[in-house]
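Close look at the chain arrangement
Now for the letters of each chain:
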Amino acid sequence: MRPCFALLALSLVACDGGSGDSCVLDSDCPSFLDVCIDGTCQPAGTVPESGTPPEMDAGGGRDSGTRMDASEPDDAGEPMDAEPTDAGEPTDAEPMDAMPTDAPEPVCDMPGPTWTVAFVSAPASCGDATTGRAVAIAPIAGMPCQFSATSPAEPALSGSFGLDPAGMVLGMLATGTSAPVTCSGTYNAAAPSFTIICGSCVMNLNPL
């Protein structure tokens, strides 16, 4: 009989709709079948007046939308490609051909072909050359103002020399039987006459 009475009591409680006592926690309700909903003890599964289910799913976080990927910076616009300004093709600085300037040919007076020794400072210093001996003077081919001197008969003067426009003489000459040395002198086209100085030997030539 007691089990039937307990079952009847449970049925009455279920139909009662909860005690309605004030509560904060489910344990404040007198019946273990009640739960604390909106501050009152109500049967488990009761939907509150606000329409919100008694238990909110705290596991499902609020979807705040797609998270901005911090690894991708906000596109503030693609930077303009700073293309280098084409300054144009460099101009080939072609060196100007340095054309060699032809040196002007020297100009000098042309002495005659035959001469005679008119004076010597001393035969000993002039290779035993003496007055009256013949000297032939001729231009050297291809060498303007360059001349050769030869003694056709007895030794008097031989070698080669140059003659500048001022009439200055410079060359390698041998007087008489002496060895060739550097000689200098002058040519007087007005006379005409030569003065040849070879060391201590001084010789004058006049046209023959």
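It should be noted that the structure appears before, not after, this text.
Throughout what follows, the structure given in this document is the object of discussion. (Residues numbered from 1 in each chain as written. Predicted model: local features only at pLDDT ≥ 70, side-chain atom pairs only at ≥ 80, totals over all residues. Heavy atoms only, no water.)

**Brief notes about the nonpolar core**
The biggest cluster of nonpolar side chains holds 23 residues, and the ones touching the most others in it are V135, F194 and L205. Those residues in contact with L205 that lie beyond four places of it in its chain are W115, T116, V117, A118, V135, I137, L157, S193 and F194. (Core = buried A, V, L, I, M, F, W, Y, C linked by side-chain atoms within 4.5 Å. Buried < 20%, exposed > 50% of the residue type's maximum accessible area, 1.4 Å probe, protein only. Contact = heavy atoms within 4.5 Å.)

**Some points on the sheet that holds strand β10 (residues 201-207)**
Sheet architecture is closed into a barrel: 8 strands sit in the order β3-β4-β5-β6-β7-β8-β9-β10, paired in antiparallel fashion. Mean inter-strand twist for the sheet, computed between neighbouring axes without regard to direction, equals 30°. In this structure, strand β4 (residues 134-139) lies alongside strand β5 (residues 146-150), joined through 4 bridges in antiparallel fashion. Among the inter-strand pairings, P139 is bridged to a residue of β5, identified as F147. (Pairing = 2+ DSSP bridges. Helix = DSSP H or I, 4+ residues; strand = E, 2+ residues; numbered from the N terminus. Axes fitted to C-alpha atoms, helices over the stretch in contact; angles between N-to-C directions.)

**Some words on the pattern of salt bridges**
Per the stated rule, a full pass over the model turns up 1 salt bridge. A salt bridge links R133 to E154; the nearest nitrogen and oxygen atoms lie 3.9 Å apart. Of this pair, R133 sits in the loop between β3 (114-120) and β4 while E154 sits in the loop between β5 and β6 (157-163); the two residues are 21 residues apart in sequence, bridging distant segments of the chain. (Salt bridge = Lys/Arg side-chain N within 4 Å of Asp/Glu carboxyl O.)

**Brief notes about the environment of G171**
Topologically, G171 is positioned in strand β7 (residues 168-175). When the C-alpha atoms of G171 and C198 are compared, they prove to be 9.7 Å apart, with 27 residues separating the residues in sequence. Not counting the four nearest positions on each side in its chain, G171 is found in contact with S160, F161, V181, T182 and C183.

**Description of unusual backbone geometry**
Put simply, A191 and P192 share a cis peptide bond, and its omega is -15°. By secondary structure assignment, the location of P192 is in the loop between β8 (181-188) and β9 (193-198). The backbone of C145 sits at a positive phi, close to 65°, despite the residue not being glycine.

**Notes on the environment of V169**
Mapping V169 onto the fold places it in strand β7. For V169, a relative accessible area of 4% corresponds to the buried category. Taking the C-alpha atoms as reference points, V169 and S184, separated by 15 residues in sequence, lie 5.2 Å from one another.

**Comments concerning the side chain of Q42**
As for its position among the elements, Q42 is in strand β2 (residues 40-43). Here the side chain of Q42 touches T40 through a polar contact of 2.8 Å, side chain to side chain. With near-sequence residues (within four places) excluded, Q42 lies in contact with L33, D34, V35 and I37. (Polar contact = N/O pair within 3.5 Å; in protein donor to acceptor, adjacent residues only side chain to side chain.)

**Re the packing of aromatic side chains**
As enumerated under the stated definition, the model contains 5 aromatic pairs in all. Judged by centre distance (6.3 Å) and plane angle (80°), the ring pair of W115 and Y187 falls under edge-to-face. Taken together, the residues span a long stretch of sequence, with W115 in strand β3 and Y187 in strand β8 at a distance of 72 residues. Its relative accessible area of 1% is what places W115 among the buried residues. A residue is classified by how much of its surface remains accessible, and Y187, at 10% relative accessible area, is buried. Plain terms: the ring middles of W115 and F194 are 5.0 Å apart, the flat faces sit at 75° to each other, and that makes the pair edge-to-face. You can see W115 sitting in strand β3 and its partner F194 sitting in strand β9, a full 79 residues away along the chain. The buried category is assigned to F194, whose relative accessible area is 1%. (Phe/Tyr/Trp six-rings, centres within 6.5 Å; stacked < 30°, edge-to-face > 60°.)

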